[in-house]
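These are the residues of each chain, in order.
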Amino acid sequence: MVEKLIYLDFETTGLNPEVDKLLTVQWQEIDANTGIKLSELYVFKLWDYDNEKQFIEDVIKKSIVDDNGKRKMLFLSWWPAKLGYNLFFEQNFLEKRIEINNIEFEDVCIMGYSVPALDLKTVGVLINGGSFKGAALDDISSKQTGGQDVPLWYENKEYEKIVEYVKDETVAFVDLYKKLLEHMQDFRI
Ligand SMILES: [Mn+2]
């Protein structure tokens, strides 16, 4: 039986969910024990919809994962566990945007109390010698740049650049996860 994790990440117009919007929602099924991808990378994009409310409603409806024969609504189900980098951002951002857009849903289940999630930010800080500064994903993996240009690309309707950025980031993240699995295997104190 395959143990599955769901790599999950969002791009947004900024860091404040009270005013900024969700731009993309991307997720991919990953084999927890090997890091091998088990599905395509799904990338939902705000610009394919009339407004953010429609976008979020459709993402939630279409984000269904097969967990060993059980079909689950990914964002409303605590299993399979999510895999990401600083997942509290995703949890908080989606919660706030659901509220602001008056969308009727149950609680968002990305990470939090009694919601299992594997967050590699902790590992990033350790790789960076215990410092948070310099522990962004592009500092510690093959990811090429930070996400600072994404809002600008959105403004300029350079959507392909955002999609390329998202793909590059996913490959870098999954590769990091794979290498960590191999590296940590025999770690003992
Ligand atoms: Mn990202």
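It should be noted that the structure appears before, not after, this text.
As the structure is a computational prediction, the values presented were derived from the model and not from experiment.

> For this particular structure, what's the right way to read the environment of Glu-52?
Looking at the element boundaries, Glu-52 is found in helix α1 (residues 52-62). Separated by 49 residues in sequence, Glu-52 and Asn-101 place their C-alpha atoms 7.6 Å apart. The residues touching Glu-52, leaving out its near neighbours within four places in the chain, are Lys-21, Leu-22, Leu-46, Arg-97 and Asn-101.

> Please clarify how unusual backbone geometry should be interpreted in this entry.
What you tend to see is this: most non-glycine residues have negative phi, and most peptide bonds are trans. For the peptide bond that leads from Trp-79 to Pro-80, omega is 0°, which places it in the cis range. The residue Pro-80 is located in the loop between β5 (70-73) and β6 (82-84) in this model. The backbone of Asn-102 sits at a positive phi, close to 55°, despite the residue not being glycine. Considering the arrangement of structural elements, one finds Asn-102 in the loop between α2 (87-100) and β7 (117-119). Residue Asn-102 is classed as exposed on the basis of its C-beta count, with 7 C-beta atoms lying within 10 Å. Phi at Lys-157 is positive, roughly 55°, even though this residue is not glycine. Along the chain, Lys-157 turns up in the loop between α5 (150-155) and α6 (159-184).

Cut-offs applied
- Residues numbered from 1 in each chain as written.
- Predicted model: local features only at pLDDT ≥ 70, side-chain atom pairs only at ≥ 80, totals over all residues.
- Helix = DSSP H or I, 4+ residues; strand = E, 2+ residues; numbered from the N terminus.
- Contact = placed C-beta atoms within 7 Å.
- Buried ≥ 20, exposed ≤ 12 C-beta atoms within 10 Å, placed from the backbone.

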